[in-house]
Amino acid sequence: YQAASLSDARRPNSKRGEALRAGLADMGVFFVKIGQTMAQRPDLVGDELAEELKGLQEKNAPFPDAIAHRIIAEDLKHAGPLAPGVLWDGCDPDAAPLFAEMGAAHVASASLGQVYRARLHDGRWVALKVQRPGVREVIGLDWASAVLACKTYTTLSKVMNDYSLVVDTVAAGIRKELDYHEEAANLEEFAVRHAFLPFVSSPGWLPEYTGPQGSARVLAMDWYPSRAPSELNREERRKLVEMAVEACVVQLLVTGFVHADPHEGNLRLGDDGRVVFLDFGLMDRVDFGVMECFAAGIRSVLSKDWLELTRVMQEVRFCPTPLLKSVKDANGNRELLGCDREEFARELAKQMNDEDGGVSRFGAMATALKKLSNRYVMLTPPYVALLCRTFITLEGLLGDDPDMAKEFNIYEVALPFAVRRVLSPRTRRGQAQLREGVLREEPLSDGAGAAGEAQARRPRQRWRAVATPKWEALAALLEETGADKASSSTSSGAAASTEKDQDPFGATEGVQRRLLRTSEGAAIRRCLYDVDLFDTLQSFLVSADSRPLRERAIDALAEYLSTWRLEAGLSASELRRRRRREQLEEWGPRSTAASASWGQWSPDDPYRLPTAALKSSKAAWKLVLRRQLQFALFPPWRLPYRATVGLTRVLLASVSIGVRALWRAFQLRRRRADAKTASPPRLKE
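Cut-off values and rules
- Residues numbered from 1 in each chain as written.
- Predicted model: local features only at pLDDT ≥ 70, side-chain atom pairs only at ≥ 80, totals over all residues.
- Heavy atoms only, no water.
- Helix = DSSP H or I, 4+ residues; strand = E, 2+ residues; numbered from the N terminus.
- Buried < 20%, exposed > 50% of the residue type's maximum accessible area, 1.4 Å probe, protein only.
- Contact = heavy atoms within 4.5 Å.
- Areas by Shrake-Rupley, 256 points an atom, 1.4 Å probe, with all protein chains shown as cover.
- Polar contact = N/O pair within 3.5 Å; in protein donor to acceptor, adjacent residues only side chain to side chain.
- Phe/Tyr/Trp six-rings, centres within 6.5 Å; stacked < 30°, edge-to-face > 60°.
- Lys NZ or Arg CZ within 6 Å of the ring centre and 35° of its normal.
- Salt bridge = Lys/Arg side-chain N within 4 Å of Asp/Glu carboxyl O.
- Pairing = 2+ DSSP bridges.
- Axes fitted to C-alpha atoms, helices over the stretch in contact; angles between N-to-C directions.
- Core = buried A, V, L, I, M, F, W, Y, C linked by side-chain atoms within 4.5 Å.
- Patch = residues over 30% accessible without salt bridge, like charges linked within 9 Å, V, L, I, M, F, W, Y side chains within 5 Å.
- Parallel < 35°, antiparallel > 145°, perpendicular 65-115°, else oblique.
- Left-handed = near helix turned anticlockwise from the far one by under 90°.
- Nonpolar A, V, L, I, M, F, W, Y, C, P; charged D, E, K, R; others polar.

The next point concerns the overall build of the protein. Along the protein, the regular secondary structure elements total 29 helices and 15 strands. Within the protein, the fraction of its 685 residues that count as buried is 47%. Once local pairs closer than 6 in sequence are excluded, the contacts in the protein between residues at least 24 apart make up 69%. Carbon and sulfur atoms make up 56% of the accessible area of the protein, which amounts to about 34100 Å² in all.

And the structure:
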């Protein structure tokens with residue numbers, strides 16, 4: 001299994017590919033996991049070897065069914081047949097069968113076990129996951145061998161990375177896969193955390209048909225009607241990949257509970273139209289600080305702010321502090337010297353731009369960083385090992401669709417969720433950065449010297465706002481989200497603005513609702529608590545600082561008005577909402593095999609959120625409303641002033657904005673009509 005053969009893919013089903021796949025399978029679970037990841041990276045190992053290695057994802061060398069039957073009976077403490085006609089050695093043939101029906105042969109074989117299909121006496125079909133005998137001992141040996149190899153490599157190559165820590169992280173994750181009750185708990189937690197995503201699903205589990213806690217070798221799950229990626233046509237596969245990528249990006253940037261093994265064997269397209277995740281043994285938990293750093297990194301890549309990306313890489317420990325570069329001395333020996341961020345950022349920009357797909361694919365970025373590590377010290381924090389595997393594997397699913405692979409940009413997909421993570425920081429540092437970025441703190445006093453300091457030490461008056469918006473920063477943030485891009489493209493025709501849905505599966509809307517209705521929105525609510533919303537509205541409508549944001553609002557309103565009565569009396573936005581509802585209704589309820597933790601399906605509110613979170617958020621919004629009432633009622637002269645002078649200013653400014661929006665909408669319609677008249681007629685075939 002020489003490494004040189006990895007780049008020499010000669011023909012389908014080659015002996016070399018078969019030998020590599022069989023060798024990895026024989027060498028143990030560790031190496032099977034490596035092979036499964038490489039199967040998704042034909043750019044690294046070649047198309048034919050990647051195709052051959054895909055066999056490690058869907059089918060591995062099985063162990064005898066008779067052994068599996070005995071394990072099922074022993075774990076479930078059943079003395080009789082497993083099902084009519086399915087006997088195990090030593091069973092009581094006269095006892096009642098455990099299942100109404102069961103296939104004697106396995107339906108799938110994986111690295112850690114194999115799966116059997118059975119029907120319960122109540123008619124439900126279940127999948128029985130049976131652990132491979134002796135796998136715990138094998139993993140222990142693989143773990144020790146891999147650690148020894150990493151220690152040897154680190155010593156000989158004199159690198160700063162201790163890859164044995166990465167091995168420890170991966171091995172610990174694999175060992176968790178062997179704890180079936182841990183996997184079941186992950187399955188339920190995954191459903192609870194992602195119930196607000198209407199296009200994601202996963203099967204439920206049956207504790208009464210699962211082995212004892214701590215030593216279970218059998219895990220029973222509902223059989224979810226679905227199809228594997230290899231069984232899908234091109235459009236269905238593309239839909240599956242898009243849904244899977246959006247779901248995993250949300251896991252990384254929003255919920256922090258990431259499926260770390262999303263290869264083709266663990267992703268399926270459900271008969272209910274959803275992406276179905278399987279196998280929850282290998283999961284990765286991402287803390288809020290890392291989520292915020294990844295969000296900042298994604299924004300930096302898209303804006304090509306390499307200096308900021310360098311800072312983020314240091315913060316997440318991809319790079320040491322201070323930065324170090326490797327240079328040769330006069331004797332040819334390498335030594336490490338410090339370098340500044342500007343130098344590293346320049347080299348990073350060059351490497352990323354030179355790499356094909358460096359600013360659109362996670363795997364290409366990883367390759368660019370690997371090349372950069374030949375000159376600069378790059379670290380590999382253990383916590384990112386599973387995260388890298390997740391997204392490199394996902395990108396590998398694009399290999400069978402060259403057109404999609406060429407157009408697809410995982411950073412653009414992630415940008416809306418990255419911005420929403422910026423708006424919902426959970427760390428103190430992130431909250432301080434958000435507040436500093438969008439608010440201008442009001443001074444505690446207008447005095448100077450001792451009098452001013454004495455006034456500053458007094459308790460702040462309740463009716464006084466402590467901050468005002470930074471309109472230029474809010475305009476930049478809005479531009480980054482892409483919320484105003486639709487209005488900028490309206491001149492190309494109304495149909496174009498409605499054909500491509502920017503949120504085809506409802507992920508962005510689901511995250512937005514989560515932001516406003518749960519504790520995720522605590523930082524935003526605090527900002528709203530500290531500003532006077534009536535003064536803020538006046539400032540938005542009339543101040544010079546808010547003009548860029550006001551112009552965008554006028555453009556958005558003009559686009560909305562220009563597409564009014566586009567179809568059946570509906571505007572473009574209403575059309576998108578109607579199509580979204582039709583799509584949700586087409587999905588309908590999740591399969592009965594889905595975990596109960598997903599909750600009851602409702603087409604009126606498919607973005608299900610925990611009741612406790614909604615209740616807590618509602619109480620927080622009441623505090624914001626109470627604060628705004630204080631601003632409006634105190635001191636007593638403020639309410640009459642706002643009801644007369646202030647309201648008059650707001651109404652006049654609103655009318656001005658409305659008139660300007662109507663005029664721009666008229667111009668947009670006229671340009672579209674002229675373009676339609678000038679375009680040559682299409683010939684009928």
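This part covers the side chain of S597. Checked against the element boundaries, S597 lands in the loop between α27 (572-587) and α28 (611-633). Within the structure, the side chain of S597 is placed 2.3 Å from the side chain of E188, a separation counted as a polar contact.

Our next topic: the environment of Y209. For Y209, the position within the fold is in the loop between β5 (200-201) and β6 (218-222). A sequence separation of 10 residues divides Y209 from L219, and the C-alpha atoms of the two residues are 7.1 Å apart. Setting aside anything within four residues of it in sequence, one finds Y209 in contact with L76, L98, F99, L120, V218 and A220.

A complete count under the given rule lists 9 aromatic pairs for this structure. On the numbers, 6.1 Å between centres and 80° between planes, the contact of F190 with W598 is edge-to-face. In this pair, F190 is assigned in helix α9 (residues 180-193) and W598 in the loop between α27 and α28, connecting sequence segments 408 residues apart. Following the ring pairs from residue to residue traces out a cluster consisting of F190, F277, F280 and W598. Taking the ring centre of W125 as reference, the NZ or CZ of R117 above it sits at 4.2 Å.

This part takes up the pattern of salt bridges. Summed over the entire model, instances satisfying the criterion amount to 34 salt bridges. A salt bridge links E520 to R426; its shortest N-O distance comes to 2.9 Å. Of the two residues, E520 sits in the loop between α23 (507-517) and α24 (522-530) while R426 sits in the loop between α17 (410-423) and α18 (428-438), which places them 94 residues apart along the sequence. Linking R638 and D532 is a salt bridge whose minimum nitrogen-to-oxygen distance equals 4.0 Å. Note that R638 is positioned in helix α29 (residues 638-678) and D532 in the loop between α24 and α25 (533-542), a separation of 106 residues in sequence. According to the relative accessible area criterion, D532 is buried, its value standing at 5%. Taken together, the shared-partner salt bridges connect R70, E74, D75, D89 and R217 into one network.

This paragraph deals with the pairing of strand β4 (residues 125-131). The buried count for β4 comes to 6 of 7 residues, which makes it a mostly enclosed element. One ladder, built from 7 bridges, connects strand β3 (residues 113-119) with β4; its direction is antiparallel. By the bridge assignment, R117 is partnered in β4 with A127. Connecting β3 to the antiparallel partner β4 that follows it, the hairpin turn spans 5 residues, and G123 within it adopts a positive phi of roughly 100°. Bridge analysis of β4 against β6 gives 5 bridges, and the strand direction is antiparallel. Within β6, the position partnered with V130 by the bridge is V218.

A few words now on the sheet that holds strand β10 (residues 275-277). The mixed open sheet is built from 4 strands, whose spatial order is β5-β10-β9-β7. Looking along the sheet, the strands with just one partner apiece sit at the ends: β5 and β7 (226-227). Looking at chain direction, β5 and β10 are connected through 2 bridges and run parallel. When the bridges of β10 are listed, V200 appears paired with V275. Each of β5, β7, β9 (267-270) and β10 touches helix α10 (residues 234-255); the most contacted strand, β10, lies at about 55° to it.

Of all 10 residues in helix α12 (residues 306-315), 7 are buried, a share of seventy percent or more. The complete set of buried residues in α12 reads W306, L309, T310, R311, V312, M313 and Q314. Residues of α12 that are buried make contact with α11 (288-303), α13 (341-354), α14 (362-372) and α18. Of the residues flanking the end of α12, it is R317, one or two places downstream, whose phi is positive at about 70°.

Take the nonpolar core next. The biggest cluster of nonpolar side chains holds 88 residues, and the ones touching the most others in it are F199 and L253. Looking at this core, the element that brings in the most residues is α10, giving 12 residues. The residues touching F199, leaving out its near neighbours within four places in the chain, are M243, E246, A247, R274, V275, F505, A507 and W587. Judged by nonpolar contacts, the second largest core, of 24 residues, contains F63, W88, L98 and Y209.

On to a nonpolar patch on the surface. Residues L625, L629, L633, F634 and L639 make up a contiguous nonpolar surface patch of about 470 Å² in total accessible area. The element best represented in the nonpolar patch is α28, accounting for 3 residues. Considering the arrangement of structural elements, one finds L633 in helix α28.

So, about unusual backbone geometry. Along the chain, T321 connects to P322 via a cis peptide bond; the corresponding omega equals 5°. Looking at the secondary structure, you find P322 in the loop between α12 and β12 (324-328). Residue P635 is reached from F634 by a cis peptide bond, and omega for that bond is -5°. Backbone geometry at D279 places phi at a positive 60°, although glycine is not the residue there.

Note that L56 resides in helix α5 (residues 55-58). When the C-alpha atoms of L56 and S111 are compared, they prove to be 7.5 Å apart, with 55 residues separating the residues in sequence.

Let's shift gears to the packing of α24 against α28. Relative to each other, α24 and α28 sit at 15°, their axes nearing to 9 Å. By the angle class used here, α24 and α28 are roughly parallel. The way α24 lies across α28 gives a crossing that is left-handed. Residues R525, L528 and Y529 of α24 lie in contact with α28, whose contacting residues are S617, A620, W621, L623, V624, R627, Q628 and F631. Class assignment for the residues of the contact of α24 with α28 results in 7 nonpolar, 2 polar and 2 charged.

Turning to the packing of α28 against α29, a few remarks are in order. Packed helices, taken two at a time, are described by their axes: the angle between them and the distance between them. Look at α28 against α29: their axes get within 6 Å of each other, and the N-to-C directions meet at 85°. The pairing of α28 with α29 is recorded here as roughly perpendicular in orientation. In this structure, α28 contributes F631, A632 and L633 to the contact, and α29 contributes R638, L639 and R642. Residue composition of the contact of α28 with α29, grouped by class: 4 nonpolar, no polar and 2 charged.

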